[in-house]
Amino acid sequence: MAFKDLREWMALVESKGELKRIKAEVDWKEEIGAITREVASRRGTALLFENIKDYHDTSCTQLLTGTLGSRGRVRMALGLPDTMRDREIINWLRGRLRTTIDPVIVNSGPTKENILKGDGIDLYNLPVPFWNPLDGGRYIFTLVCMVTRDPFTGEHNVGTYRGMIVGKNKVAVFLARSQDWGKHFTAYESLGQEMPVAAVLGWDPNLFMCSGSSVVGEEYKVCSAIRGEPVPLVKCETSDILVPASAEIVIEGKISTDPATYVMEGPFAEYPGYYAGMPEPRPVVRVECITHRNDPILVGLVAGATPGRYPSDGFFLKYFWPALMWSGLEDNGIPGITDITFDGWPEIMKVRIHKSYRGHAQQLATAIWGSKFANHGGKILIVVDDDIDIRSREAVDWALAYRVNAAMGDIAFFDTLGSPLDPSVPMEDRDIIKYGQSSWRRILIDATINWGLEPRPEWGGKRYPPLGTEITPAMQELITRRWKEYGLPD
Ligand SMILES: Cc1cc2nc3c(=O)[nH]c(=O)nc-3n(C[C@H](O)[C@H](O)[C@H](O)COP(=O)(O)O)c2cc1C
């Protein structure tokens, strides 16, 4: 579904009773973060903070959190009915991801209502929260769509990458070389140039969902396809980067590739639920221009999940990541996938297949680990046959219990790059300045029936004995008919 801007999206959410305006004065220092986290953990509404301490007379006075904080609101953003089940949503998204629509370029838009340059730039004029008690600073780039352009092809990338204010015109960012903007960064470095960037804060939530997912190709084209209509884009003031013409706030700047310009960034309460990405010198966006709408609405989120505590805007990952992974596997010619999901953490992905040859699960695992997804997903892969419902923990546990035999090669390890925010990896191995990324020893648990087991005639030519819990249809009919006669409750 296409929203012309953040405001149209908010109006829909509010009309459904899913947006709460907070009129009491709240402190940007920890209080907004704590409220957002508590409401997200209760699977509550989106929150619009309208009365923020120290931000009554600034050009920006409002902050929105949690708009994508429930399954229902993600469905709403995609324009899908409440009745649609998760697997159907993933399939719908896969269909959309197969097509692209070109964005359109327009001459101007509301995002140009105010243009600040030079002394007019002061990031502290925005009500950016100090989200969590031990954060290294105020994180302005959380619910951000960071736009860069490949200097050779001109292709745009839109990605979500964190950034902390380190001066009135400076934001230090967590830039990993294996991410798409990291590849652009390396390309600019080879040219001896700074990398232009534009951080988009506040637009149609569909763009953020694409930005935070490992989209292959240009996010603007994929997002246009998901919206069903083109993203209208306007040129930045200080570079040829294109940004949504009705974005609330756009922060334009340059990142130097010279390590001497790096500034300490971190830690931040990160998605694994820990303070991660410890303080280290990191690249800095030197802000050259801010454009914003009149009375702009800043957007932000709390990341981090531990059991019972949830991120404020993370639900879309459950749909986008499996859909993208599934399409990527199909594009690699890997057949037989019938479902992909993860509960809570994309590190643990579950895949259901219609197994048609020995090594099917291993082929699938190495394809995932060799793809863009490897940056954050699939540290532990569990693959099951298609008689197992991967959305049922009971069913997956049963398959793990009775279809995995490590002595027959059902568990495999593979060393690849990994998430630099996973605290189970020693700090020295996740030095992204030195290595560009981190390292993971990944695990495949092949919980499909091992084809090394011989089919047996006494089991009807199958590799496994018949299920002992089955009741024949005739006997089922008999006991159902006589149920009351036995004196058993319904
Ligand atoms: C809220 C949020 C914050 C994120 N922060 C970072 C980050 O700081 N650095 C990073 O490399 N990836 C981060 N990610 C993950 C990337 O957004 C994700 O891998 C995405 O695919 C990146 O876009 P790309 O594939 O175009 O590089 C974050 C994701 C979300 C949803």
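Asker: Explain the overall build of the protein chain to me, please; I cannot follow it from the model alone.
Answerer: Helix and strand counts for the protein chain stand at twelve helices and 25 strands. Rg of the C-alpha trace for the protein chain: 25 Å, near the compact-globule value of 23 Å for 490 residues, within the 12% margin. In terms of overall dimensions, the protein chain has a C-alpha envelope of 85 × 55 × 40 Å along the principal axes. When the 490 residues of the protein chain are sorted by exposure, 46% land in the buried category. Pairs at least 24 apart in sequence give 70% of the contacts found in the protein chain among residues at least 6 apart.

Asker: Teacher, can you tell me more about the site of the ligand here?
Answerer: Not every one of the 19 residues close to the ligand is listed here, only the nearest: Gly159, Thr160, Arg162, Asp180 and Gly212. Every element with two or more residues in the shell around the ligand is listed here: β8 (156-159) and α5 (180-191). In terms of residue class, the shell around the ligand is made up of six nonpolar, ten polar and three charged. Looking at which domains feed residues into the shell around the ligand, each of domain 1 (6-300) and domain 2 (332-447) supplies at least three.

Asker: Hey, could you run me through helix α4 (residues 86-97) in this one?
Answerer: For the α-helix, the turn length of 3.6 residues means that residues three or four positions removed from each other point alike. Helix length check: α4, at twelve residues, gives a terminal C-alpha distance of 16 Å against a target of 16 Å (1.5 Å per residue), a fit within 8%. Looking at α4, one finds that the buried residues are Ile89, Ile90, Leu93 and Leu97. Summarising the axial view, the buried residues of α4 lie within an arc of 100 degrees, below the 170-degree limit, and thus occupy one face. The exposed set on the far side of α4, more than 90 degrees from its buried face, consists of Glu88 and Gly95. Where α4 is buried, its residues contact α7 (219-227) and α8 (317-331).

Asker: Sorry if this is basic, but what is going on with the domain arrangement of the protein chain here?
Answerer: As a measure of interface size, the accessible area lost when the parts come together is often cited. Here the domain parsing of the protein chain yields domain 1 (6-300) and domain 2 (332-447). Of note, the centres of domain 1 and domain 2, computed from C-alpha atoms alone, are 29 Å apart. Each side of the interface is counted separately: domain 1 has 16 residues, and domain 2 has 14 residues. In the side of domain 1 that touches domain 2, the residues fall into seven nonpolar, five polar and four charged.

Asker: Please clarify how the sheet that holds strand β23 (residues 380-385) should be interpreted in this entry.
Answerer: On the basis of which strands lie adjacent, the open sheet formed by five strands has the order β21-β22-β23-β25-β24 and mixed pairing. Both edges of this open sheet fall to β21 (337-341) and β24 (411-418), since each of them pairs with a single strand only. Across the sheet, the mean angle from the axis of one strand to that of its neighbour is 20 degrees, orientation sign disregarded. Sheet analysis places β24 next to strand β25 (residues 438-447), joined by eight bridges and oriented antiparallel. Residue pairing across strands places phenylalanine 413 opposite isoleucine 443, the latter belonging to β25. Against the sheet, helix α9 (residues 360-369) makes contact with β22 (348-353), β23, β24 and β25, and its axis sits at roughly 160 degrees relative to β25, the strand it touches most.

Asker: So what exactly am I meant to see when it comes to the sheet that holds strand β20 (residues 297-300) here?
Answerer: Hydrogen bonds between backbone groups are what pair the strands of a sheet, and the pairing can be parallel or antiparallel. Across the sheet, four strands lie side by side as β1-β2-β3-β20; this open sheet has mixed pairing. Single-partner strands in this sheet number two, and they are β1 (19-22) and β20. Each strand axis lies, on average, 25 degrees off the axis of its neighbour in the sheet, ignoring direction. Each of β1, β2 (46-49), β3 (62-65) and β20 is contacted by helix α1 (residues 6-15), which is oriented at about 105 degrees to β1, the strand it contacts most. Contacts between helix α2 (residues 31-41) and the sheet are confined to β2 and β3, with β2 contributing the most and set at about 160 degrees to the helix.

Asker: How do you make sense of the environment of leucine 6 when you look at a structure like this?
Answerer: With respect to the helices and strands, the residue leucine 6 is situated in helix α1. Separated by 463 residues in sequence, leucine 6 and threonine 469 have C-alpha atoms that sit 53 Å apart. The residues contacting leucine 6, other than those within four sequence positions of it, are Gly202, Trp203, Glu248 and Ile297.

The rules behind the values
- Per-chain numbering applies: the sequence of each chain, read as written, is numbered from 1 onward.
- Local features in a predicted model are, by the rule used here, given only for residues with pLDDT of at least 70; side-chain atom pairs are given and counted only at 80 or more, and totals for whole chains, interfaces and linings are based on all residues.
- The helix and strand labels rest on DSSP assignments: H or I over at least four residues marks a helix, E over at least two residues marks a strand, and numbering proceeds from the N terminus.
- Radius of gyration here uses only the C-alpha atoms, and the compact-globule reference equals 2.2 Å multiplied by the residue count raised to the power 0.38.
- With C-beta atoms placed from the backbone, the exposure class of a residue follows from how many other C-beta atoms lie within 10 Å of its own: 20 or more, buried; 12 or fewer, exposed; in between, partly exposed.
- Whether two residues are in contact is decided by their C-beta atoms, placed from the backbone, lying within 7 Å.
- For each residue, a C-beta atom is placed from the backbone, and the residue is labelled near a molecule or strand when this atom is within 6 Å of it.
- Polar here means any residue other than Ala, Val, Leu, Ile, Met, Phe, Trp, Tyr, Cys and Pro, which are nonpolar, and Asp, Glu, Lys and Arg, which are charged; Gly is therefore polar.
- Each domain's limits were defined by an automated method or a database of domain assignments.
- To estimate how far a helix should extend, the number of its residues minus one is multiplied by 1.5 Å.
- The directions considered for the arc are those from the helix axis to the C-beta atoms.
- A pair of strands is treated as paired once DSSP finds two or more bridges between them.
- Every axis in this analysis is a line fitted to C-alpha atoms, fitted for helices over the stretch in contact. Angles between the N-to-C directions lie between 0 and 180 degrees.

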